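# Inside the fold
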Amino acid sequence: MRDLNSDCAAMIRDLLAWYDVHAREMPWRVGPAKRAAGERPDPYKVWLSEVMLQQTTVAAVREYFLRFTKRWPAVPDLAAAEDADVMSEWAGLGYYARARNLLKCARAVASDFGGTFPDSYEGLLKLPGIGPYTAAAISSIAFDRPETVLDGNVERVMARLHNIHEPLPGVKPMLKDRAAELTPAQRPGDYAQAVMDLGATICTPRNPACGICPWRDPCAARAAGTAAELPRKTPKKPKPTRNGIVYLAKSADGTWLLERRPDKGLLGGMLGWPGSEWNETPAANPPFAADWQGMGSEVRHTFTHFHLILQVMTAELPAGFNPNPAQELIPRHDFRPSSLPTVMRKAFDLYQGR
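My aim in this report is to walk through the structure given alongside it, one point at a time. (Residues numbered from 1 in each chain as written. Predicted model: local features only at pLDDT ≥ 70, side-chain atom pairs only at ≥ 80, totals over all residues. Heavy atoms only, no water.)

## A closer look at the environment of Asn243
What counts, and what does not: Where helices and strands are cited, they refer to DSSP runs of H or I of at least four residues and of E of at least two residues respectively, numbered from the N terminus. Note on classification: 1.4 Å probe, protein chains only; a residue is buried when its accessible area is under 20% of the maximum for its type, exposed when over 50%, partly exposed between these limits. Only heavy atoms enter the contact rule, under which two residues are in contact if any of them lie within 4.5 Å.
Inspection of the secondary structure assignment puts Asn243 in strand 1 (residues 241-250). In this structure Asn243 comes out as partly exposed when scored by relative accessible area, which is 24%. Considered as a pair, Asn243 and Leu310 are 67 residues apart in the sequence and their alpha carbons are 5.8 Å apart. Excluding residues within four positions of it along the chain, Asn243 makes contact with Glu277, Trp278, Asn279, Glu280, Pro282, Leu308 and Ile309.

See below:
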């Protein structure tokens, strides 16, 4: 087994050689061959992809990214977009605070930096919604700065490479230190993407393909036979369950009653069904008096910190109904179930399948 402390240069060379052949193709990425030929990544696309990829998979993000960049091809375009349009396009990706911060950041870049992203880690950190990981990823991938990028894939690779058994999340600083030791001054953008690709395709959470890994020789966990059990994680507390009620109302001509949620909080700024609060014993809160009928089944959805069970109630929207300022009447031809947050779309799907 190689000595990790004395052979970093060889490890970097081996990983980049592997990446030059096996780099994943992604719509926001400039591959190693094009990069070697002088093509530079678009910081806007790198930033957009990184925000979308937070707590979401590449497969889930691809189509969203293509739609976003077709509709808003540059930062000024996104900065000028209507909030509701962006939130509608984001629907289904989850973690809707990211979409609100996306708009804040785009508008800050457009107004304060002339539509051009700062090219340093420190400058990027000053932008709304950009934290240490995203700043490091953009400065490394878009601007070739030697910043250390630490996502879940890189954490796993470092834990196995060094056979580190202390659990996440407490061990993150140690894993970042180990990752920093390998971050090169040459081709840092390619290197950052190479380590992430290694974790996503070879050093996977289950059944890592150690036999074809470019770092199989220096990997301490492979030598010890502990790779499959790393990284260790501190057990999570059980998620509590909350309950709620949603009210689906449609008029005879197909007009739906929707309600825009407050900007702060879960699903902030999104259109959804009027409903109750989400707690242990929610009080009924129908948008108008009617003979509301239960669906006989419920919607179940899981958020980051809790499980949600929704009772779905339906009634006909009365003619001449006057919505309050938070509510909107959406004509049949303008109603797009795909624009609803996932939990709200589940309620609609239940109604459709009734």
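## With respect to the nonpolar core
Counted only if it meets this: Residues enter a nonpolar core if they are buried and are Ala, Val, Leu, Ile, Met, Phe, Trp, Tyr or Cys, with the set joined through side-chain atoms within 4.5 Å.
Counting 102 residues, the largest nonpolar core has Trp47, Leu78, Met158, Trp215 and Trp273 as its most contacted members. Membership of the second largest hydrophobic core comes to 10 residues, among which are Ala249, Leu257, Ala315 and Leu317.

## A word on the packing of helix 3 (residues 43-53) against helix 7 (residues 97-112)
To be explicit about the condition: In this description, a line fitted to the C-alpha atoms serves as the axis of each element, helices being fitted only across the stretch in contact, and the angle between N-to-C directions of two axes falls anywhere from 0 to 180 degrees. The cut-offs work like this: below 35 degrees is roughly parallel, past 145 is roughly antiparallel, 65 to 115 is roughly perpendicular, and the gaps in between are oblique. Less than a right angle of anticlockwise turn of the near helix away from the far helix marks a crossing as left-handed, whereas a clockwise turn marks it as right-handed. When residues are sorted by character, Ala, Val, Leu, Ile, Met, Phe, Trp, Tyr, Cys and Pro go into the nonpolar class, Asp, Glu, Lys and Arg into the charged class, and all the rest, Gly among them, into the polar class.
The N-to-C vectors of helix 3 and helix 7 enclose an angle of 160°; their axes lie 10 Å apart at closest approach. Viewed along their axes, helix 3 and helix 7 adopt a mutual orientation that is roughly antiparallel. Like other packed secondary-structure pairs, helix 3 and helix 7 cross with a definite hand, here right-handed. The residues of helix 7 that touch helix 3, namely those facing Trp47, Leu48, Val51, Met52 and Leu53, are Arg98, Leu102, Cys105 and Ala106. In the contact of helix 3 with helix 7, the residues fall into eight nonpolar, no polar and one charged.

## Re the side chain of Arg29
Note the cut-off: A 3.5 Å cut-off defines polar contacts: any pair of N or O atoms within that distance qualifies, except that in protein one atom must be a possible hydrogen donor and the other a possible acceptor, and neighbouring residues in sequence count only when both atoms are side-chain atoms.
Structurally, Arg29 can be placed in the loop between helix 1 (8-22) and helix 2 (32-36). Residue Arg29 is classed as buried on the basis of its relative accessible area, which comes to 13%. In this structure the side chain of Arg29 is engaged in a polar contact, spanning 3.0 Å, whose partner is the side chain of Gln193. A distance of 2.8 Å separates the side chain of Arg29 from the side chain of Asp197, its partner in a polar contact. Residue contacts for Arg29: discarding those within four places in its chain leaves Tyr19, Ala23, Arg24, Gln193 and Asp197.

## Concerning the environment of Leu230
Note that Leu230 resides in the loop between helix 13 (220-224) and strand 1. Judged by relative accessible area, Leu230 falls into the buried class, the value being 3%. Taking the C-alpha atoms as reference, Leu230 lies 9.7 Å from Met158; in sequence the two are 72 residues apart. Apart from the residues lying within four places of it in its own chain, the contact partners of Leu230 are Arg156, Ala159, Arg160, Asn163, Ile164, His165 and Ala221.

## A word on the state of the cysteines
This is how it is decided: Defined by distance alone, a disulfide is two cysteine sulfur atoms within 2.5 Å.
Tallying each qualifying case throughout the model produces zero disulfides. Here Cys8 stays unpaired: no disulfide links it, and the sulfur of Cys219, its closest cysteine neighbor, is 14 Å away.

## As for empty space enclosed by the protein
For clarity, the threshold we go by: Only protein atoms enter the 1 Å grid used here. Points where a 1.4 Å probe fits but cannot escape make up a cavity, open sets with protein on both sides within 12 Å along at least five of seven lines make up a pocket, and a residue lines them when an atom lies within 4 Å of a point. Grid points are joined across faces, edges and corners, and a volume is the space filled by probe spheres set on the points.
Under the criterion given, the structure shown has three cavities of 30 Å³ or more. Here the largest cavity is characterised by a volume of approximately 130 Å³. Along its surface, the largest cavity is lined by 15 residues, and Arg160, Cys203, Cys210, Cys213 and Cys219 are the ones closest to its centre. If one sorts the elements of the lining of the largest cavity by residue count, helix 10 (residues 152-161) sits on top with three residues. If you add up the space inside the second largest cavity, you get close to 80 Å³. What lines the second largest cavity is Ser140, Glu147, Thr148, Val149, Val154, Met158, Ala179, Thr183, Pro188, Tyr191, Ala192 and Val195. Only helix 10 and helix 12 (188-201) provide two or more residues apiece to the lining of the second largest cavity. Among the elements that make up the lining of the second largest cavity, the one with the highest residue count is helix 12 (four residues). When its residues are assigned to classes, the lining of the second largest cavity shows eight nonpolar, three polar and one charged.

## Observations concerning the pattern of salt bridges
Operational definition: Between Lys or Arg on one side and Asp or Glu on the other, a salt bridge is scored when a side-chain nitrogen of the former is within 4 Å of a carboxyl oxygen of the latter.
Applying the stated criterion to the full structure yields 15 salt bridges. The closest approach of N and O atoms between Asp197 and Arg29, which form a salt bridge, is 2.8 Å. One end of the pair, Asp197, is in helix 12; the other, Arg29, is in the loop between helix 1 and helix 2, and 168 residues separate them in sequence. Its salt-bridge partner being Arg187, residue Asp190 comes within 2.9 Å of it at the nearest N-O pair.

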